[in-house]
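Results of the structural survey
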Amino acid sequence: MKKTNASRRSFVKKLSLGTAAASLAPYLGKSQEAAVRVLGKEYPVRKIPANDKIRLATIGFGIQGIGDTMTAVKVPGVEFAAACDLYTGRLERARELYGKDIFTTRDYREILSRKDIDAVIIATPDHWHKTIAIEALQAGKAVYLEKPMIKHIDEGHELISVWKKTGGILQVGSQGMSSVGNAKAREMFRSGAIGDLVLVEIYNDRFSSEGAWQYPIPPDASPDTIDFDKFLGKAPKVPYDPTRFFRWRNYQDYGTGVAGDLFVHSFSTLHFVTGSKGPVSARSTGGIRYWKDGRDVPDILLSLYDFQETEEHPAFNAILRINFVAGNGGGGGFKIIGTEGMMEVGSNRVTLQQRKPAMKPSGYSLKAYPEEIQKKIIAEYDKEFGSGTPGKAKETVFQAPEGYPGAHYDHFLRFFETMRGNDHIIEDPVYGLRAAGAALLSNFSYFGKKIVHWDPEKMQLT
Ligand SMILES: NC(=O)c1ccc[n+]([C@@H]2O[C@H](COP(=O)([O-])OP(=O)(O)OC[C@H]3O[C@@H](n4cnc5c(N)ncnc54)[C@H](O)[C@@H]3O)[C@@H](O)[C@H]2O)c1
């Protein structure tokens, strides 16, 4: 009889608890220094004095652009000044929400050329992310860029290069990473709470037309109210089609499918909690099973990822699933499973279950031996593992404190505080490419019908 985990290498002991504790989200008022050291580098900061208002504009004033703006302006000292969108109804909505005096335009360059704008949120469809982000950095704006950071891998390297050249501030919008839940999970993981990492299980199941991206098309949609050619940008030319405009996620020409849209959040959190830089390979399968509405991206996607051993963690596997045909009603889960327990990670809550494997045989196998031998076997096991029966898992629940403003607020707080020189970006373009690249592997595998390989250090397909 041998304890299976007796001689295993312990990865977690290499990481100091002090480092982990210091990575708590800004809401908890801890220093970010150590977290930034872990993530790799110091950041150039264009300081905005504490008493000066930060003037913010949003490019792409749709569902998320509006959501981002509403959260961003809750941060003290932030003033919303301008909105850009290609549909007049969204600009009207901007004036309805923020007053007739704000500047509105269909041309994002009119926003970037304004000297009175300090920061921009970019919440356009994915195929516009890189172009607008690069121009915004070159125009000296601090950039909050929605996920996935890019649509193609090479765009990520281009963006990183401009970011480095300009020394600008860019934060990618996977807000979960700034949550107290993710910070707590990272702290628990690094303290060795689940032993050595072996498996990650992530799923996102939905069962509604909205969940499956069939967003409403407004009755006044027309070539007059929508700048459809601008929307297409460098995408293939097609005649005016409001479905493509309002439900762009369903088309590879503009979006990145369920993997780019949703797995990217998972990788941002997974990398943050475990210290991983990303997987080395992926294989995916799935299909369009229900929402046969002209979309060319799957509504069910299953992906298996391999992660190699690094200084931060042992080799492990991850299984990710998106299911837009969830007859069970839907739901989500994010489980990090180790040799000594499991964490269920959310933005506001982490549940930790700690258990060791039961090492003693039960009646299931003992019944096959004569009673006298059964007694001898049990005595042997008792000598090795003690005479108690295996206990239940010890459960620890972390819940965000009452009044916690949420991950989205914290992500913006961190962004604006970085602009004032008081904090550091947590999700820079390198981090953004590692998360988006890992997510996009699923698409390469699904559409290419093959296993794909990735170098997470260089952020390149191999
Ligand atoms: N962080 C999150 O949790 C989260 C959630 C939802 C969406 N998102 C991201 O936000 C982005 C927008 O998604 P959405 O759901 O808001 O889409 P949406 O279609 O509701 O809004 C996009 C808006 O961008 C505008 N637009 C398109 N091209 C433009 C251009 N060249 N210049 C200016 N405006 C342009 C459109 O008119 C539209 O109003 C996507 O990248 C998406 O992945 C992030």
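Everything in this summary refers to the structure shown in the same document. (Residues numbered from 1 in each chain as written. Predicted model: local features only at pLDDT ≥ 70, side-chain atom pairs only at ≥ 80, totals over all residues. Heavy atoms only, no water.)

All right, on to the overall build of the protein chain then. For the protein chain, the helix and strand inventory stands at 15 helices and 16 strands. Across the 462 residues of the protein chain, 53% fall into the buried class. Contacts in the protein chain between residues at least 24 apart in sequence constitute 73% of all its contacts with a sequence separation of at least 6. When the accessible surface of the protein chain is split by element, carbon and sulfur atoms take 51% of a total near 20600 Å². (Helix = DSSP H or I, 4+ residues; strand = E, 2+ residues; numbered from the N terminus. Buried < 20%, exposed > 50% of the residue type's maximum accessible area, 1.4 Å probe, protein only. Contact = heavy atoms within 4.5 Å. Areas by Shrake-Rupley, 256 points an atom, 1.4 Å probe, with all protein chains shown as cover.)

Moving on to the sheet that holds strand β5 (residues 142-145). Strand order in the open sheet formed by six strands is β3-β2-β1-β4-β5-β6, and the pairing between neighbours is parallel. Two strands in the sheet have a free side with no partner beyond their single neighbour: β3 (103-105) and β6 (170-172). When strand polarity is set aside, the average angle formed by the axes of neighbouring strands in this sheet is 20°. Pairing analysis gives four bridges linking strand β1 (residues 54-59) to strand β4 (residues 119-122), with the strands arranged parallel. Its bridge partner being in β4, Leu-56 is matched across the sheet by Ala-119. (Pairing = 2+ DSSP bridges. Axes fitted to C-alpha atoms, helices over the stretch in contact; angles between N-to-C directions.)

Here the focus is the side chain of Asp-261. Its location among the elements puts Asp-261 in helix α11 (residues 257-274). Not counting residues within four places of it along the chain, the set of residues in contact with Asp-261 comprises Lys-147, Trp-213, Arg-249 and Thr-256.

One pass over the full model with this rule turns up 20 aromatic pairs. Ring geometry for Tyr-251 against Tyr-254: centres 6.2 Å apart, planes inclined by 65°, an arrangement best described as edge-to-face. The two residues Tyr-251 and Tyr-254 agree in class, both being buried. Over the ring of Phe-272 we find Arg-186; its NZ or CZ atom is 4.5 Å from the centre of that ring. (Phe/Tyr/Trp six-rings, centres within 6.5 Å; stacked < 30°, edge-to-face > 60°. Lys NZ or Arg CZ within 6 Å of the ring centre and 35° of its normal.)

For the rest of this paragraph, the subject is the pattern of salt bridges. Any two side chains of opposite charge can pair if their charged atoms end up close together. Overall, the coordinates contain 21 salt bridges when judged by the stated rule. With its nearest N and O atoms 2.7 Å apart, the salt bridge here joins Glu-79 to Arg-55. Here the residue Glu-79 occupies a position in strand β2 (residues 78-84), and Arg-55 occupies one in strand β1, the gap between them amounting to 24 residues. Judged by relative accessible area, which is 25%, Arg-55 ranks as partly exposed. Between Arg-321 and Asp-205 there is a salt bridge, with its nearest N and O atoms 2.6 Å apart. Of this pair, Arg-321 sits in strand β10 (residues 316-323) while Asp-205 is found in strand β7 (residues 197-205), placing the two residues 116 residues apart along the sequence. One salt-bridge network, held together by shared partners, links Arg-55, Glu-79, Arg-114 and Asp-116. (Salt bridge = Lys/Arg side-chain N within 4 Å of Asp/Glu carboxyl O.)

The next point concerns the side chain of Asn-182. For Asn-182, the location among the structural elements is in helix α8 (residues 180-190). For Asn-182, a relative accessible area of 3% puts it in the buried group. If sequence neighbours within four positions are ignored, Asn-182 has contacts with Gly-176, Met-177, Thr-269, Phe-272, Val-273, Val-345, Gly-346 and Ser-347.

What follows concerns the sheet that holds β10. Read from one edge to the other, the open sheet built from ten strands follows the order β14-β13-β12-β11-β7-β10-β9-β8-β15-β16, with strand pairing classed as mixed. On the outer flanks of this sheet lie β14 (394-399) and β16 (460-461), each paired with one strand and no other. In the sheet, strand β9 (residues 300-307) pairs with β10 via eight bridges, with the strands oriented antiparallel. Directly across from Leu-304, in β10, lies its bridge partner Ile-319. Lying on the sheet, α11 is in contact with β7, β9, β10, β11 (331-338) and β12 (341-345); it crosses β9 at an angle near 30°. Relative to strand β8 (residues 281-287), helix α15 (residues 429-448) is tilted by about 55°, and along the sheet it contacts β8, β9, β15 (452-455) and β16.

The next point concerns the nonpolar core. Residues Val-120, Leu-170, Phe-263, Phe-267, Tyr-305, Ile-336 and Met-343 are the most contacted members of the largest nonpolar core, which totals 85 residues. Considering each element in turn, this core owes the most residues, ten residues, to α15. Of all hydrophobic cores here, the second largest spans 26 residues; its members include Ala-72, Ile-102, Ala-123 and Ala-142. (Core = buried A, V, L, I, M, F, W, Y, C linked by side-chain atoms within 4.5 Å.)

From the geometry alone we can't say anything about function, so treat these as descriptive.
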